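Chain by chain, the residues run as shown.
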Amino acid sequence: MDEEPERAKRWEGGYERTWEVLKEDESGSLKATVEDILFQAKRKRVFESHGQVRLGMMRHLYVVIDSSRTMEDQDLKPNRLTSTLKLMEFFVEEYFDQNPISQIGIITTKNKRAEKLTDLAGNPKKHVAALKKAVGSTCLGEPSLYNALNIAMQTLKHMPGHTSREILIIFSSLTTCDPANIYELIKTLKELKIRVSVIGLSAEVRVCTILTRETGGSYNVILDESHFKELLMLHVKPPPASSSSECSLIRMGFPQHIIASVSDQDAKPSFSMSHLESVDEGPGLTLGGYYCPQCRAKYTELPVECKVCGLTLVSAPHLARSFHHLFPLDAFQESPLEEHTGDRFCQACQGELKDKSVFTCPACSSVFCTECDLFIHDTLHCCPACIHTQGAS
Amino acid sequence: MKLNIEGLLVYFPYDYIYPEQYSYMLELKRTLDAKGHGVLEMPSGTGKTISLLSLIVAYQKAYPLEVTKLIYCSRTVPEIEKVVEELRKLMEFYTKETGEKNNFLALALSSRKNLCIHPEILHANIVVYSYHYLLDPKIADLVSKELAKKSVVVFDEAHNIDNVCIDSMSVNITRRTLDRCQTNVDTLQNTIQRIKETDAAKLREEYRRLVEGLKEANVARETDIYLSNPVLPDEVLQEAIPGSIRTAEHFVGFLKRFLEYLKARLRIHHVVQESSPQFLKDIYEKVCIDRKPLRFCAERLRSLLRTLEIADIADFSPITLISHFATLVSTYSKGFTIIIEPFEDKTPTIANPVLHFSCMDPSIAIKPVFERFQSVVITSGTLSPLDIYPRILDFRPVTMASFTMTLARTCLCPLIVGRGNDQVAMSSKFETREDFAVIRNYGNLLLEMSAIVPDGIVAFFTSYVYMENIVASWYEQGILENIQRNKLIFIETPDAAETSMALEKYQEACENGRGAILLSVARGKVSEGIDFVHHFGRAVIMFGVPYVYTQSRILKARLEYLRDQFQIRENDFLTFDAMRHAAQCVGRAIRGKTDYGLMIFADKRYARADKRGKLPRWIQEHISDGSLNLTIDETVQLSKHFLRQMAQPFRREDQLGLSLLTLEQLQSEEMLEKISQIAQQA
């Protein structure tokens, strides 16, 4: 018999009441109430994000992934690590989709140490590749919040004042092994205006509560995988910029994409500047590309910071995509279903209004159900009924 | 906010109120209206103190002639400070709302250095002090005897009041006490000799006074100025001090004889247990000491100490103790027992004779309080079953009620773990406590919990001995090492300094994310006085049922007495006692509505109705049938789920309207209907 790792078989694993997730609770006890509270929180989030706030457009985010022993726990399938890394891939894609001129970096912590998986960079491919590679790594020992925060801080503190400095920690363990007093570090982080948020995978840990409260971040603990995803996606949206953060004009370049065909005699294949350092990404010789308007350096991908003259290069659609953060859709008015007198149908999905409350658009007075309200605010960012009337007129 | 409690205007210094606080005040007002006594159980952290204070102060203001004074008794100095803090808030609110200058005087007696302001008490409207000032006859006489009859007395955290009563009336005499007494007597004799030479008139004056007897005291009691002292029974007041001990020299001689007798009694090799009359008979036969002079012993000694103008009474505590013993033993023929043990049970080879003069009837000490004051309220977070307190304290309450905690989310999770994963029953009962499988399962339970509970876990064992055995066994099996991979381990010891050190480090470990386990003992210091709010106690594990050590002779005597006098069966009392301590232990974790914690009862006996039924109602109602006889695995799953649920954001708005009310919400019909269901009359 070869040595099987511990708890390899499903039937040897912990006893789980998987059916409880599906259980409906009519008596109004625990589950129902907590879910109600969660729903309220969701509403609040949508509402909150629609005040007149300044949002940080350029973000610098370090994601710390706990890779300690506890990540082998199988309460997320197939285990916490694999599940987390999968979601992280999705998160990275989504993050760059919504924040095209921002950067991200990944740190892992295990065995009382922390190390950088990827540096702060604006290229999703690199991060995704690193995440894919990390799936096979083993989970060992305890995490160290202190070391992880310290590494992130060393880089973030050099970031310019008009950008946001953020750390997001995916924390699975209930303990941390620190070489020094973490409260001192929290103070430093606060002074540097680094915002730390935590997503806990097991339970509420005191030190995280303090950490997030002091630095102005958010702290959430997942209920299950879908909730995990939801919480992670919250961090896609840029946080409100603190009023004390600097304002500055940023020079940006909008390079044109020049396409050269092979048939063109003048076209010469050239190296992209971003490929100079990375050796393993193929030959890197291409014909066309984006040329920096200032120094004519060539890049194959945007957004990027010009290696030669330091100009931020973006394309117009990138900026446009960040725009809805700046001009968000107003919150719809919530009112109880009984008081609603008009149509009993949701303007968006045409379904019958069944929830406790209905939502009315302040601009066109159309009525929506809860789900559609969330969808409109989270995804569409514009009121379909308003668009419709505009289109008609 | 201003509340209307059945026609009484109550100023409540907060903008929000818990429904149970309102209900509590209703019951309290009914008690005061009826001028009777009450027993009220309300979970800790639901604002008992402020409800009590606001209502009674309002009552005092509204009916100044009915209730003149509030006497608030609490257990420890921090608790007293907390009461004073709340009171200050209330008074500020009064000043703000009414604009009048505050004419209320409140007084807190916390330590000896504050004790000398005695005459002030007469004028204070509120007095806050420790139980002992009212219950312990030795102190009560100094501090409390002039309190007016129309006072309301509140005993907070009163779940142990019977033990306090008993302790205050019991006397333990060792050889050391007697040796120190001997020194006292010598000092007395010398002083008398000296005074006789310098100021003989003084002693003559005392003699004259003693002949006249304690008439003054009697007059005072009849005219209702003093709280009666159980050490000074009524008959003593009507008689003069007997001739045989009237002169100072005679009295010292008498004390000497009494001391010699006690010394002789301590020179024994086997255990003796006898009643007070037996003791009196023996002392008469051996050294010809009569019952009557013995009874006057305490009073006579006090008079002598006064006459001799001895300033430092503390030095004379041993002889005072002996005199109290003499008076008590000759006064009460019932309710006390004398046990003389030549050695301690644990160390049968070391001679350490002790004379226990043990009170078995808590009602003796508290009787004067119930008789004297128009309303006495006994309250605590854990007073279940309610009906046993009136029985053992021998009084008739007009209100008895237990309040539940209204919760927007179920923040407590009591689980009864009865089996290990190997299906072996877990129990601390005598037959199985040495069982290897049981100990291993207990270890596994702690190990599994240490992996899923964040920050602090407090584990309680039934006794120090049991804890030592188990921990040693865990160490051998390597369980301890595994636990330490998850959390640090701290242990409570009988040494107070060591324990407070462990406690401090434990809190530090919880604070900085290291996580820790505190192993402690039910009935120990930690289980009674220390709160584990929020992260300091996310789970409490109770290993076994904390029965009191039943082989103790004192306990046996008391059980017998309870059976004969109050018709309370031994088993009922033992279970009651064990369950109130268990409830105290697990209650340490929940100190408010925003707090949350697991309560794990690790013994299959908890699932039985007679045990479960004795837990406070606010815990009991959260024990569902599904959480009765769990295995470790099931416990872990339920706990994980619970902890995740509780970690979800929880704000004040979520509580509003459910477990936290504004004035408008409180006044709605529907809510008043709901509130009326909170209190359950026993």
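Rules and cut-offs
Residues numbered from 1 in each chain as written. Chains lettered and ligands numbered in written order. Predicted model: local features only at pLDDT ≥ 70, side-chain atom pairs only at ≥ 80, totals over all residues. Heavy atoms only, no water. UniProt positions renumbered as here; feature names shortened; annotations may be inferred. Contact = heavy atoms within 4.5 Å. Buried area = accessible area lost by both parts, 1.4 Å probe. Salt bridge = Lys/Arg side-chain N within 4 Å of Asp/Glu carboxyl O. Polar contact = N/O pair within 3.5 Å; in protein donor to acceptor, adjacent residues only side chain to side chain. Helix = DSSP H or I, 4+ residues; strand = E, 2+ residues; numbered from the N terminus. Nonpolar A, V, L, I, M, F, W, Y, C, P; charged D, E, K, R; others polar. Domains from an automatic or database assignment. Axes fitted to C-alpha atoms, helices over the stretch in contact; angles between N-to-C directions. Parallel < 35°, antiparallel > 145°, perpendicular 65-115°, else oblique. Phe/Tyr/Trp six-rings, centres within 6.5 Å; stacked < 30°, edge-to-face > 60°. Buried < 20%, exposed > 50% of the residue type's maximum accessible area, 1.4 Å probe, protein only. Lys NZ or Arg CZ within 6 Å of the ring centre and 35° of its normal.

The name given to chain B in an unreviewed UniProt entry is General transcription and DNA repair factor IIH helicase subunit XPD, with the source organism recorded as Astyanax mexicanus. Comment text from UniProt for chain B, heading Cofactor (unreviewed entry), reads "[4Fe-4S] cluster". Recorded under Subcellular location (unreviewed entry), the UniProt text for chain B is reproduced unchanged: "Nucleus".

Where an unreviewed UniProt entry is consulted, chain A appears under the name General transcription factor IIH subunit, with the organism given as Astyanax mexicanus. Of the comments in the UniProt record for chain A, the one headed Subcellular location (unreviewed entry) reads "Nucleus".

Engineer: Even after reading the chapter, I still don't get the interface of chain A and chain B, so can you show me in this structure?
Structural biologist: When the parts of a complex come together, some accessible area is lost, and that lost area is often taken as the interface size. Taken together, the 34 residues of chain A in the interface contact 36 residues of chain B. Summing both partners gives a buried area of about 3,200 Å² for chain A against chain B, and 50% of it is carried by carbon and sulfur. Summed over the shared surface of chain A and chain B, the result is 6 salt bridges. Residue A:Glu204 is joined to B:Arg538 by a salt bridge in which the shortest nitrogen-to-oxygen separation is 3.9 Å. At the boundary of chain A and chain B, one finds 11 residue pairs in polar contact (both at pLDDT 80 or more). Those elements that place two or more of their residues in the side of chain A that touches chain B are α1 (30–48), α6 (206–215) and β6 (219–221) of chain A. With 8 residues, the top contributor of residues to the side of chain A that touches chain B is α1(A). Residues that form the side of chain A that touches chain B fall into these classes: 15 nonpolar, 7 polar and 12 charged.

Engineer: Hey, could you run me through the domain arrangement of chain A in this one?
Structural biologist: All names here are of chain A. Domain annotation of chain A identifies domain 1 (54–236), domain 2 (252–317) and domain 3 (329–391). The distance between the C-alpha centroids of domain 1 and domain 2 comes to 32 Å. Each partner contributes to the roughly 440 Å² buried at the junction of domain 1 and domain 2, and carbon and sulfur atoms together form 52% of this total. The interface formed by domain 1 and domain 2 includes 0 salt bridges. For the pair domain 1 and domain 2, the interface holds 0 residue pairs in polar contact (both at pLDDT 80 or more).

Engineer: Explain the packing of helix α8 (residues 175–198) of chain B against helix α16 (residues 317–331) of chain B here, please?
Structural biologist: Think of two packed helices as two axes; the pair is described by the angle between the axes and how far apart they sit. All names here are of chain B. At a minimum axis distance of 8 Å, the contact between α8 and α16 shows a crossing angle of 105°. Taken as axis vectors, α8 and α16 run roughly perpendicular relative to one another. Here Thr177, Leu178, Arg180, Cys181, Asn184 and Val185 of α8 come into contact with α16, specifically with Ser317, Pro318, Ile319, Leu321 and Ile322. When the residues that make up the contact of α8 with α16 are grouped by side-chain class, the tally is 7 nonpolar, 3 polar and 1 charged.

Engineer: Teacher, can you tell me more about the packing of aromatic side chains here?
Structural biologist: The geometry of an aromatic ring pair is captured by two quantities: the separation of the ring centres and the angle between the planes. All told, the structure shown has 30 aromatic pairs over all chains when counted by the stated rule. Geometrically, the ring pair formed by B:Tyr332 and B:Phe336 is tilted, given 5.5 Å between the ring centres and 35° between the ring planes. Accessibility assignment for this pair places B:Tyr332 and B:Phe336 in one class, buried. Centre to centre, the rings of B:Phe490 and B:Tyr506 are 6.5 Å apart; their planes meet at 85°, and the pair counts as edge-to-face. Pair noted here: B:Phe490 is in strand β16 (residues 488–491) and B:Tyr506 is in helix α22 (residues 496–511), with a separation of 16 residues, a long-range link. As far as the burial class goes, B:Phe490 and B:Tyr506 line up, both buried. Within the aromatic cluster, the residues linked to one another by ring pairs are B:Phe258, B:Tyr261, B:Phe279, B:Phe325, B:Tyr332, B:Phe336 and B:Phe357. Positioned over the ring face of A:Phe90 is A:Lys229, at 4.6 Å from the centre of the ring. The positively charged end of B:Lys593 is found above the aromatic ring belonging to B:Tyr18, 3.7 Å away from the centroid.

Engineer: For this particular structure, what's the right way to read the environment of B:Leu262?
Structural biologist: Residues and elements named next belong to chain B. Secondary-structure assignment places Leu262 in helix α12 (residues 248–266). Overall, Leu262 belongs to the buried group, its relative accessible area being 1%. Distance from Leu262 to Leu178, taken between C-alpha atoms, is 8.0 Å for residues 84 residues apart in sequence.

Engineer: Help me understand the UniProt feature "zinc finger region: C4-type" (unreviewed entry) in chain A, please; the structure alone is not making it clear to me.
Structural biologist: Mapped onto this structure's residue numbering, the UniProt feature "zinc finger region: C4-type" (unreviewed entry) falls at residues 292–309 of chain A. End C-alpha atoms of residues 292–309 of chain A are separated by 9 Å, and the span's content is 0% helix alongside 22% strand.

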